[in-house]
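For reference, the chains in residue letters:
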Amino acid sequence: MIISIVNQKGGVGKTTTAVNLGAALARAGHPTLLVDLDPQGNASSGVGIGDEQRLPGIYELLRGEVAADAAMRPTAQENYHVMPATADLAGASVELMNVDNREFRLREVLAPLKEQYSYIIIDAPPSLGVLTMNALVAAERVLIPVQCEYYALEGLGQLLQTIGLVKEHLHPELEVLGAVLTLFDRRVKVAHDVIKEVREHFPGKVFETVIPRNIRLAEAPSYGKNIFEYDDASQGAQTYQSFAQEVHDTVKNLINQQTPQT
Ligand SMILES: Nc1ncnc2c1ncn2[C@@H]1O[C@H](COP(=O)(O)OP(=O)(O)O)[C@@H](O)[C@H]1O
Ligand SMILES: [Mg+2]
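Residues numbered from 1 in each chain as written. Chains lettered and ligands numbered in written order. Predicted model: local features only at pLDDT ≥ 70, side-chain atom pairs only at ≥ 80, totals over all residues. Heavy atoms only, no water.

Draft legend 1. Structural detail: the nonpolar core. In this structure, Ile58, Met83, Leu106, Leu110 and Ile122 are the most contacted members of the largest nonpolar core, which totals 54 residues. Excluding residues within four positions of it along the chain, methionine 83 makes contact with Leu33, Leu34, Val35, Asp36, Ile58, Leu61, Ala68, Ala71, Met72, Leu110 and Leu113. Of all hydrophobic cores here, the second largest spans 35 residues; its members include Ala24, Val180, Tyr230 and Leu254. (Core = buried A, V, L, I, M, F, W, Y, C linked by side-chain atoms within 4.5 Å. Buried < 20%, exposed > 50% of the residue type's maximum accessible area, 1.4 Å probe, protein only. Contact = heavy atoms within 4.5 Å.)

Written as C-alpha cells, this is what we have:
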C-alpha cells in the first residue's frame, strides 16, 4: 500500500507522522519504505540519514541516473528503508516542468518496489507543487495530518479540491485514507473544539487516534532516531504505535473489500 502524507501547510506533523508511522509499521513486521519527497530532508534526518549519506537519493532516481536499489538506505530499524532527499530535489520541480507526464515520475520509479514492501510512505513537501502532484499520483491512499489549532480547516478545502482534480484527470483510483489530528494539547480549549469540528466536517474519515503534542516527538529527530528508538515509553511512541495499528486495520479492510473472500 502506497500512502502519501500530504498537507500544503508546513508544521502540521507530516514528517513526524511519516517517520514514526513508518517505524511502527516496520516494528510490527511489515517491510516499509519511507520516501522523503521534501527538499528539506527532514524525514531523512529523522531516520538517522545524515547529509553525507544522502547521495544518491530520490532526486537521482527521479532523474533516471540510478536504479531504485542505489537510492535506498537501510535504517537502524529492521524492515525499514528510506529514500533520502537532498536540497537538489527543489530543482526537480523546475526540471520536471518540461517533461511529458511529469506528474507520473514517482509512480513509475516506485512501481517495481510494490512487491517488496507492504508499505511505502511518502513524506510530501509543504506545497501543492509538482513534487506533491507526484506524491498524489504515486499514492494509493492519501493521509492528511490536521493540526489541532484554530485555523485547522483552512486550506483543507483547497487540498481536497486538488486531490479531486488529480483523481479526475490523472489517477482515478486515488482515495483519501483519512485525516489524522496532530499536535493535540488537551489543556487548550480550542484543540477540543477543533477535534469536534474536523470530525463533523469529515464524518467517518478521521482516525480515532489523536496524536498528542509530546516533547519527546520533537526531540527525537535531532538524535536521528525515531520515537521508538528515542523513548519507547513516551506517550508519543505509544500513540504512534496505536495509530499504526489503526492504519493497518483500515488498510486490511480496504484490501478485503477489493478482493471479496468466497
Ligand atoms: N506530536 C508532536 N508533538 C510535539 N512536537 C511535534 C509533534 N509533531 C510534530 N512536532 C514538531 O513540530 C514541528 C513540525 O512538525 P513536522 O512533522 O516537521 O511537520 P511538517 O512535516 O508538516 O512540516 C517539528 O519541529 C516537529 O518536531
Ligand atoms: Mg515535513
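Now that the structure has been shown, we can carry on.
Draft legend 2. Focus on unusual backbone geometry. Along the chain, leucine 55 connects to proline 56 via a cis peptide bond; the corresponding omega equals -10°. Looking at the secondary structure, you find proline 56 in the loop between helix H2 (42–46) and helix H3 (58–62). (Helix = DSSP H or I, 4+ residues; strand = E, 2+ residues; numbered from the N terminus.)

Draft legend 3. The arrangement of the side chain of arginine 73 in detail. Tracing the chain through its elements places arginine 73 in strand E3 (residues 73–74). In this structure, arginine 73 is buried with no salt-bridge partner, the nearest side chain bearing the opposite charge being glutamate 60 at 7.0 Å. A distance of 2.8 Å separates the side chain of arginine 73 from the backbone oxygen of glutamine 53, its partner in a polar contact. A distance of 3.3 Å separates the side chain of arginine 73 from the backbone oxygen of alanine 70, its partner in a polar contact. (Lys, Arg positive; Asp, Glu negative; His and termini not counted. Salt bridge = Lys/Arg side-chain N within 4 Å of Asp/Glu carboxyl O. Polar contact = N/O pair within 3.5 Å; in protein donor to acceptor, adjacent residues only side chain to side chain.)

Draft legend 4. Just the packing of helix H4 (residues 89–96) against helix H6 (residues 130–138), in detail. Taken N-terminus to C-terminus, the directions of H4 and H6 make an angle of 85°; their axes are 8 Å apart at the nearest point. Between H4 and H6, the crossing angle belongs to the class labelled roughly perpendicular. Counted together, Leu89, Ala92, Ser93 and Leu96 of H4 and Val130, Leu131 and Asn134 of H6 form the full contact between these two elements. Among the residues making up the contact of H4 with H6, the classes are represented as five nonpolar, two polar and no charged. (Axes fitted to C-alpha atoms, helices over the stretch in contact; angles between N-to-C directions. Parallel < 35°, antiparallel > 145°, perpendicular 65-115°, else oblique. Nonpolar A, V, L, I, M, F, W, Y, C, P; charged D, E, K, R; others polar.)

Draft legend 5. Looking closely at the pairing of strand E5 (residues 119–123). With respect to burial, E5 is a largely interior element, five of its five residues being buried. Taking every second residue as pointing to the same face, both faces of E5 are buried, with Tyr119, Ile121 and Asp123 on one and Ile120 and Ile122 on the other. In this structure, strand E1 (residues 2–5) lies alongside E5, joined through four bridges in parallel fashion. Within E5, the position partnered with serine 4 by the bridge is isoleucine 122. Of the strand pairs in this sheet, strand E2 (residues 32–36) and E5 are connected by five bridges, and their pairing is parallel. Following the sheet pairing, threonine 32 is matched in E5 by tyrosine 119. (Pairing = 2+ DSSP bridges.)

Draft legend 6. Summary view of the environment of asparagine 79. Tracing the backbone through its elements, the reader meets asparagine 79 in the loop between E3 and strand E4 (80–83). We classify asparagine 79 as partly exposed; its relative accessible area is 28%. Residues asparagine 79 and tyrosine 117, spaced 38 residues apart in sequence, show a C-alpha to C-alpha distance of 8.9 Å. Once you skip the residues sitting within four places of it in the chain, asparagine 79 turns out to touch Ala26, Gly29, His30, Pro31 and Thr32.

Draft legend 7. Layout of the site of ligand 1. Taken together, 14 residues surround ligand 1, and among them Gly11, Thr15, Thr16, Pro212 and Asn214 come closest. Between ligand 1 and the protein, one listed contact pairs an oxygen atom with a backbone N or O atom of valine 12 at 3.1 Å. The separation between a nitrogen atom of ligand 1 and a polar main-chain atom of proline 212 is 2.8 Å. Within the complex, the protein chains bury 77% of what would otherwise be the 550 Å² of accessible surface of ligand 1. Contributing elements (two or more residues each) for the shell around ligand 1: helix H1 (14–27) and helix H9 (215–219). Per-element accounting of the shell around ligand 1 gives the leading share, three residues, to H1. (Near = heavy atom within 4 Å. Areas by Shrake-Rupley, 256 points an atom, 1.4 Å probe, with all protein chains shown as cover.)

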